[in-house]
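Coordinates in review
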Amino acid sequence: MRARPARRAASRPAAAVLAAGLLLGACAPSGGASAGAQDERTLTVFAAASLREPFTAIGERFEQAHPGVRVTSSFAGSSDLVSQVVEGAPADVLASADERTMAQVVDASLTAGEPVDVATNVLQIATPPGNPAGITSFADLARPGARVVLCAPQVPCGSAARTLQERTGVDLAPVSEESSVTDVLGKVVSGEADAGLVYVTDVAAAGDAVTGVPFPEAAGAVNTYPVAALREAADADLARRFVEFVAGEQGRSALRAAGFGVPAA
């Protein structure tokens, strides 16, 4: 019977250790998911609407190559994205559909380093399936009664369309001017337009939803796509690495697969 007190005395240190362990366990992160969430970093990318397909693939590849990183992409007309960046919208990387819109961000000293040219694109005529209006040339877009949709002049695809009109002397009278190339494509797909000027990559991505009509004059207005890390990026090193990734083989292969051209060296 006298042994019992001894056993109780010996159990007190063990109980103290157990209690301390329980306390530390209560203070520690609960479960691997919470610990992983604390380590996760988010990269916010603003990209031109025409880059949706390749940049979605590039974002997934970047995540695979950088465990713990989540890429969130926002796609819209380049002029809209630039306005958001200038007004202070939180973004880490910007990819625009022409050098003119990117220059606005550079001139405002909002980029971290020089933009990198990663792709080129040209316009193509998109019509509803089967081309019911019989649009076969750039000049046909000016036919009386033709319902043509263009991008607004401040948008890269609209600027390219204006350049072509000036060079060819063909004066177009669009029934509407849209804020992004995807909006132009939407008007064509819905049957609200007989034709629209979009990029060759958009026609390819649309598949059977539209019929593409190439025209030789398109070579006179080639858009070059630059990408840049932004000065106010939450993680400057991660933003820089994403730009390098896009400019590297992983990024360029995704762009080529979507039909984009390669900029001149």
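Heads up: the structure comes first, above all this text.
Here we summarise the structure given alongside this text. No experiment lies behind these values; they were computed from the predicted model shown.

On inspection of all chains with the given rule, the structure shows eleven salt bridges. Asp-140 is the partner of Arg-143 in a salt bridge, and the nearest nitrogen-oxygen pair spans 4.0 Å. Take Arg-143: its relative accessible area is 33%, and that puts it in the partly exposed class. Accessibility expressed as a relative area gives 14% for Asp-140, which makes it buried. Across the pair Glu-244 and Arg-240 runs a salt bridge, and its minimum N-O distance is 2.9 Å. Pair noted here: Glu-244 and Arg-240 are both in helix H9 (residues 236-247), with a separation of four residues, about one helical turn. A residue is classified by how much of its surface remains accessible, and Glu-244, at 46% relative accessible area, is partly exposed. Its relative accessible area of 39% is what places Arg-240 among the partly exposed residues. Among the ionic contacts, a cluster of salt bridges with common partners joins Asp-237, Arg-240, Arg-241 and Glu-244.

Another point: the side chain of Ser-180. Mapping Ser-180 onto the fold places it in the loop between strand E7 (176-178) and helix H7 (181-189). Within the structure, the side chain of Ser-180 is placed 2.9 Å from the side chain of Thr-182, a separation counted as a polar contact.

All right, on to the state of the cysteines then. Applying the stated criterion across every chain yields a total of one disulfide. Bridging Cys-151 to Cys-157, the disulfide has an S-S length of 1.7 Å. Disulfide Cys-151 to Cys-157: torsion about the S-S bond roughly -95 degrees, handedness left-handed. Across the pair, exposure class does not vary: Cys-151 and Cys-157 are buried alike.

All right, on to the environment of Val-189 then. Looking at the secondary structure, you find Val-189 in helix H7. Residues Val-189 and Thr-127, 62 residues apart in the sequence, show an inter-C-alpha distance of 7.8 Å. Once you skip the residues sitting within four places of it in the chain, Val-189 turns out to touch Ala-209 and Val-210.

An order of E7-E6-E8-E5-E9 is seen for the five strands of this open sheet, with the pairing classed as mixed. Edge positions in the sheet fall to E7 and strand E9 (211-213), since each has one partner strand and no second. Across the sheet, the mean angle separating the axes of adjacent strands is 35 degrees when strand polarity is ignored. Relative to E9, strand E5 (residues 123-127) is paired through three bridges, and the arrangement is antiparallel. Paired with Thr-127 across the bridge in E9 is Thr-211. Across the sheet, helix H6 (residues 156-168) is in contact with E5, strand E6 (148-151) and strand E8 (195-199); its angle to E5 comes to roughly 100 degrees. With respect to the sheet, H7 is in contact with E5, E6, E7 and E8, its orientation differing from that of E8 by roughly 145 degrees.

Thresholds, definitions, all that
Residues numbered from 1 in each chain as written. Predicted model: local features only at pLDDT ≥ 70, side-chain atom pairs only at ≥ 80, totals over all residues. Heavy atoms only, no water. Salt bridge = Lys/Arg side-chain N within 4 Å of Asp/Glu carboxyl O. Buried < 20%, exposed > 50% of the residue type's maximum accessible area, 1.4 Å probe, protein only. Helix = DSSP H or I, 4+ residues; strand = E, 2+ residues; numbered from the N terminus. Polar contact = N/O pair within 3.5 Å; in protein donor to acceptor, adjacent residues only side chain to side chain. Disulfide = S-S within 2.5 Å. Contact = heavy atoms within 4.5 Å. Pairing = 2+ DSSP bridges. Axes fitted to C-alpha atoms, helices over the stretch in contact; angles between N-to-C directions.

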